[in-house]
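Spelled out, the chains give:
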Amino acid sequence: MPTTTESDPRWDALWTHVHLATLTLSEAQGYGEISDAAIAVRDGRIAWVGPRSALPSGARATVEHDGRGRLLTPGLVDCHTHIVYGGSRSGEFEARLNGANYEDIARAGGGIMSTVRATRAASEEALMQASLRRVRSLLAEGVTTLEIKSGYGLDLDTERKMLRVARRIGEQLPVRVRTTFLGAHALPPEFAGDADGYIDEVCDRMLPALAGEGLVDAVDAFCEKIGFSASQTERVFQAAQRHGLPVKLHAEQLSDQGGTALTARYRGLSADHLEYLSAEGIAAMAEAGTVAVLLPGAFYFLRETALPPIAALREAGVPIAVSTDCNPGTSPMTSLLLAMNMACTLFRMTPLEALAGVTRNAAAALGLGGEIGTLEVGKAADFALWEVERPGELAYGIGGNACSGVVFGGAVREIRD
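Everything numeric here is computed off the predicted structure, so don't read it as measured data. (Residues numbered from 1 in each chain as written. Predicted model: local features only at pLDDT ≥ 70, side-chain atom pairs only at ≥ 80, totals over all residues. Heavy atoms only, no water.)

Asker: Which parts of the structure should I look at to understand the environment of W386?
Answerer: Mapped onto the elements, W386 comes out in strand β14 (residues 383-386). Judged by its relative accessible area of 0%, W386 falls in the buried class. Distance from W386 to L23, taken between C-alpha atoms, is 15 Å for residues 363 residues apart in sequence. If we skip the residues at most four places from it in the chain, W386 touches R70, L71, T73, L76, E141, G142, L337, L394, N401, A402, C403 and S404. Of note is the side chain of W386, whose polar atom sits 3.5 Å from the backbone oxygen of A384. (Helix = DSSP H or I, 4+ residues; strand = E, 2+ residues; numbered from the N terminus. Buried < 20%, exposed > 50% of the residue type's maximum accessible area, 1.4 Å probe, protein only. Contact = heavy atoms within 4.5 Å. Polar contact = N/O pair within 3.5 Å; in protein donor to acceptor, adjacent residues only side chain to side chain.)

Asker: Help me out: how do you make sense of the UniProt feature "binding site: Fe(3+)" (unreviewed entry) in the chain in this one?
Answerer: Summarizing the sequence annotation, UniProt attributes the feature "binding site: Fe(3+)" (unreviewed entry) to H80, H82, H250 and D325 in the numbering used throughout. The annotated residues occupy 246 residues of the chain but converge on a single region, no pair of C-alpha atoms lying more than 12.2 Å apart. With respect to the secondary-structure elements, H82 resides in the loop between β6 (76-78) and α1 (90-97). The residues contacting H82, other than those within four sequence positions of it, are K149, S150, Y152, L182, H185, H250, D325, C326 and N327. Note on placement: D325 falls in the loop between β13 (320-322) and α12 (336-347). On the basis of relative accessible area, D325 is assigned to the buried category, the value being 1%. Other than its neighbours up to four places away in sequence, D325 contacts H80, T81, H82, H273, L295, A298, T330 and S331. (UniProt positions renumbered as here; feature names shortened; annotations may be inferred.)

Asker: Explain the sheet that holds strand β7 (residues 143-149) here, please?
Answerer: For sheets, the rule is that strands pair by backbone hydrogen bonds, running either parallel or antiparallel. Read from one edge to the other, the open sheet built from eight strands follows the order β6-β7-β8-β9-β10-β11-β12-β13, with strand pairing classed as parallel. Of all the strands in the sheet, just β6 and β13 have a single pairing partner and so form its edges. Between one strand axis and the next, the sheet turns through 25° on average, direction left out of account. Alignment of strand β12 (residues 291-294) against β13, held across three bridges, turns out to be parallel. In the sheet register, A292 faces β13, and the bridge partner there is I320. In the packing of helix α7 (residues 230-242) onto the sheet, the strands contacted are β8 (176-184), β9 (218-223) and β10 (248-251), and the crossing angle to β9 comes to about 175°. (Pairing = 2+ DSSP bridges. Axes fitted to C-alpha atoms, helices over the stretch in contact; angles between N-to-C directions.)

Asker: What exactly am I supposed to notice about the packing of helix α4 (residues 124-139) against helix α5 (residues 156-172) here?
Answerer: The geometry of a pair of packed helices is captured by two quantities: the angle between their axes and the separation between those axes. Closest axis-to-axis distance for the α4/α5 pair is 10 Å, and the angle between their directions is 50°. Taken together, α4 and α5 sit at an angle that is classed as oblique. The hand of the α4/α5 crossing is right-handed. On the side of α4, the interface is formed by E124, E125, L127, M128, S131, L132, V135 and R136, while α5 contributes K161, R164, V165, R168, I169 and Q172. A per-class count over the contact of α4 with α5 returns six nonpolar, two polar and six charged. (Parallel < 35°, antiparallel > 145°, perpendicular 65-115°, else oblique. Left-handed = near helix turned anticlockwise from the far one by under 90°. Nonpolar A, V, L, I, M, F, W, Y, C, P; charged D, E, K, R; others polar.)

Here is the structure:
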């Protein structure tokens, strides 16, 4: 049903002749499509949405746009990225193709640590300029909200530098940025052989300083045999709680370490990767409302063979999000549309699940489900227009970009006719 906030509205902008995919229904019910629809904006928020024929007779808008029948969806949400980093890991890509695996490379001093060295050496401005190029690629595909993790510094100064760059991206470009502190990403050389000592550093020095400077929206960790144990991860979660910050986790990517169940115990926003997720972990996520974030780019790039348990997640009613995992080592991808296609082709998700995974469920994975992710009155007026006939086409194309316009916070960010 169309809704509005008053009987004689005066709107800032009105979009008509659009085909809406509101994403307000469950995946079992459909895209929430409204043909020949209209959507109105006031003060940066959606003020009315419904069939064009149901527009209030007294409705007026300062600016009116003719959507020319294009599909209009919520703005896309990339809810798991490491997009701020220095250097390149193309040499490791070649090494893997010559037979080395992810753990071999990490133990030899490559992997995350090679990016740590490059990121520590880079100036803040150099990181900013490199990151802007990557972010602009995502924005061109209709992304309006982006999560950016730290974790390539592993010392206070560089973690601060990364998070400052992430904040600046949200100030310089028309995109909503959520920052995540990932200090517990790997063990830095300064703490070789002393993982517990490094967790002390993360919990007692780094997190308090960065949270106190307003640089952190959530806290993450890498719970894995080559990362940190479940008990060490729990200490990070406890520190996050002390600072009133939500948690999420890189969990069950290479093995089952019980990280997902731990995340659910702390009412975590999301558990991400999940190739080796157990039935117990799924049940815990379902009970806690923790979102499963799937990262098909890393699955593809690492040539993983263990599929995330999609059918079991569906059956349990766990919301599933999809993201690029943009990072230099395991998913150097700056296309959320490609991630959608990979989620369908590699994980056998449906196009509807993929679109929900980069809108409604991705918003929930960032704790923003009440603000973005669907086309509903009161939510932020973030949406994208597409030159396609049906929503399923967004997951269909490979290498194309059908996005023809983006509105962010009610303001036109870009229109391509």
